[in-house]
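Structure at a glance
One-letter residues, chain by chain:
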Amino acid sequence: EKLKHAPRKTDFEQGKKILDEITAFLERKKDAGEKVDDADLSTFKNIVSIYSERTASLFPTTYSSFMEMLTAKPTDQLPWSTVSHPSIEWITQNGICLDNIAMERSTITQAGNGAFARRFIGEGQVVTPAPLLQIMNRDTLKMYKLVEVEDKLVCDENDTEPIGDQLLLNYCFGHVESSLLLCPSSNAIIINHCSDRQDWGGQCGGGKGPNAMYRWATDWDTNTEEWLSLSLEEMQEKNDNRQRGLSFEIVATRDIQPGEEIFIDYGHDWEDAWNYHVENWKPPTGDFESYSSITRLNNEKKDLLDLETQVYLFGGRRRRR
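Residues numbered from 1 in each chain as written. Predicted model: local features only at pLDDT ≥ 70, side-chain atom pairs only at ≥ 80, totals over all residues. Heavy atoms only, no water.

Brief notes about unusual backbone geometry
Located in the positive-phi region is Q110, a residue other than glycine, with phi close to 65°. Structurally, Q110 is set in the loop between β1 (101-105) and β2 (113-117). (Helix = DSSP H or I, 4+ residues; strand = E, 2+ residues; numbered from the N terminus.)

So this is what it looks like as structure tokens:
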């Protein structure tokens with residue numbers, strides 16, 4: 001529901017045409033010596049919203065904001081209105097670097113991509129921050145059998161058994177005794193697992209173990225300390241008001257050299273679950289003509305955001321402390 005009016009690719013394309021029309025209209029009005037003010041922008045936005053709330057969400061409602069948007073290069077003008085624009089002073093005082101790590105192919109066989117240090121990171125230094133999306137009830141990521149009703153795919157009310165979990169679960173931290181899931185929203189999600197409990201190969205081989213760990217955020221996120229004192233009910237209330245509070249940070253547990261892959265320990269439960277999966281997984285059988293791999297979808301540039309007409313189902317695994 002909260003994403004109902006989030007703009008899609010087609011909205012940006014339509015918005016660019018409307019932006020050109022608005023700009024031309026305002027130029028003509030100024031050339032005629034007429035006053036241009038916020039009412040003009042508000043009128044345009046209201047008219048566009050009649051046809052598309054998503055497209056209308058791309059446009060500011062004040063003339064000053066509109067002119068500021070036009071100072072961006074043409075390809076950035078509409079995206080400009082969808083993000084905040086803190087000052088350099090604010091960034092200097094409150095920002096934290098995200099460019100300590102880069103994504104490359106992991107040194108662990110079949111682990112996919114991994115995180116690699118772009119520069120020297122000393123023991124105890126923050127590798128990367130990890131603001132968290134709080135999912136208060138992990139069951140919301142359960143998937144159920146879908147049936148077609150009036151040309152729409154909906155959950156089968158007669159089938160109450162879940163058939164899997166959404167892919168997001170694979171990137172979240174949780175605990176077996178809690179319904180809460182904590183899902184990093186930064187490049188921390190590309191950091192792979194490593195432990196000294198078994199030989200994982202690559203730069204994790206030989207019993208080296210992880211070179212980083214996760215912990216609650218320190219002074220760069222002042223909300224975390226407050227949220228750690230809240231009950232789940234109080235967190236839920238803040239979540240309902242679209243507030244986000246908890247954060248992790250990934251910290252080097254020993255010196256990390258440039259080009260070295262960064263690892264954390266996902267925990268015993270995750271490791272046991274992974275080993276069980278490797279030992280018991282068998283290739284699927286049956287009719288899979290409609291299946292499309294992520295690689296194929298990326299190559300074909302499918303619009304994965306078209307949630308109204310497409311449903312994408314994924315399986316996943318959860319990281320546990």
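Here we look at the confidence of the model for the chain
In this model, the chain carries an average pLDDT of 84, and 88% of its residues clear a pLDDT of 70 or more. When pLDDT is averaged over each element of the chain, strand β13 (residues 261-264) comes out on top at 97 and strand β14 (residues 319-320) at the bottom at 42. For residues 304-321, every residue scores under 50 in pLDDT, and the model assigns this stretch 53 contacts once sequence neighbours within four places are set aside. (pLDDT = per-residue confidence, 0-100. Contact = heavy atoms within 4.5 Å.)

Comments concerning the state of the cysteines
In the structure shown here, the tally under the stated rule is two disulfides. Across a sulfur-sulfur distance of 2.0 Å, C172 and C183 are joined as a disulfide pair. Every disulfide takes its handedness from the sign of the S-S torsion; for C172 and C183 that torsion is 100°, giving right-handed. Separated by 11 residues along the polypeptide, C172 in the loop between β7 (164-165) and β8 (173-174) and C183 in strand β9 (residues 181-184) bring together distant segments of the chain. The same class applies to C172 as to C183, namely buried. A disulfide bridge connects C194 with C204, and the sulfur atoms are separated by 1.9 Å. As the torsion about the S-S bond is roughly 90°, the C194-C204 disulfide counts as right-handed. One end of the pair, C194, is in the loop between β10 (192-193) and β11 (212-216); the other, C204, is in the loop between β10 and β11, with 10 residues separating them in the sequence. Per residue, the accessibility class of C194 equals that of C204, and both read buried. In the chain, the cysteines engaged in disulfides, taken in order along the sequence, are linked 1-2, 3-4. (Disulfide = S-S within 2.5 Å. Buried < 20%, exposed > 50% of the residue type's maximum accessible area, 1.4 Å probe, protein only.)

Regarding the sheet that holds β10
Taken in spatial order, the four strands line up as β1-β2-β13-β10 in an open sheet, and their pairing is mixed. Edge strands, defined here as strands with exactly one partner in the open sheet, are β1 and β10. With two bridges joining them, β2 and β13 adopt antiparallel strand pairing. Each bridged residue has a counterpart across the sheet, and for F116 the counterpart in β13 is E261. (Pairing = 2+ DSSP bridges.)

Section: a negative patch on the surface
Taken together, E233, E234, E237 and D240 make up a surface patch of like negative charges. Looking at the secondary structure, you find E237 in helix α8 (residues 232-240). (Patch = residues over 30% accessible without salt bridge, like charges linked within 9 Å, V, L, I, M, F, W, Y side chains within 5 Å. Areas by Shrake-Rupley, 256 points an atom, 1.4 Å probe, with all protein chains shown as cover. Salt bridge = Lys/Arg side-chain N within 4 Å of Asp/Glu carboxyl O. Lys, Arg positive; Asp, Glu negative; His and termini not counted. Charge placed at Lys NZ, Arg CZ, Asp CG, Glu CD.)

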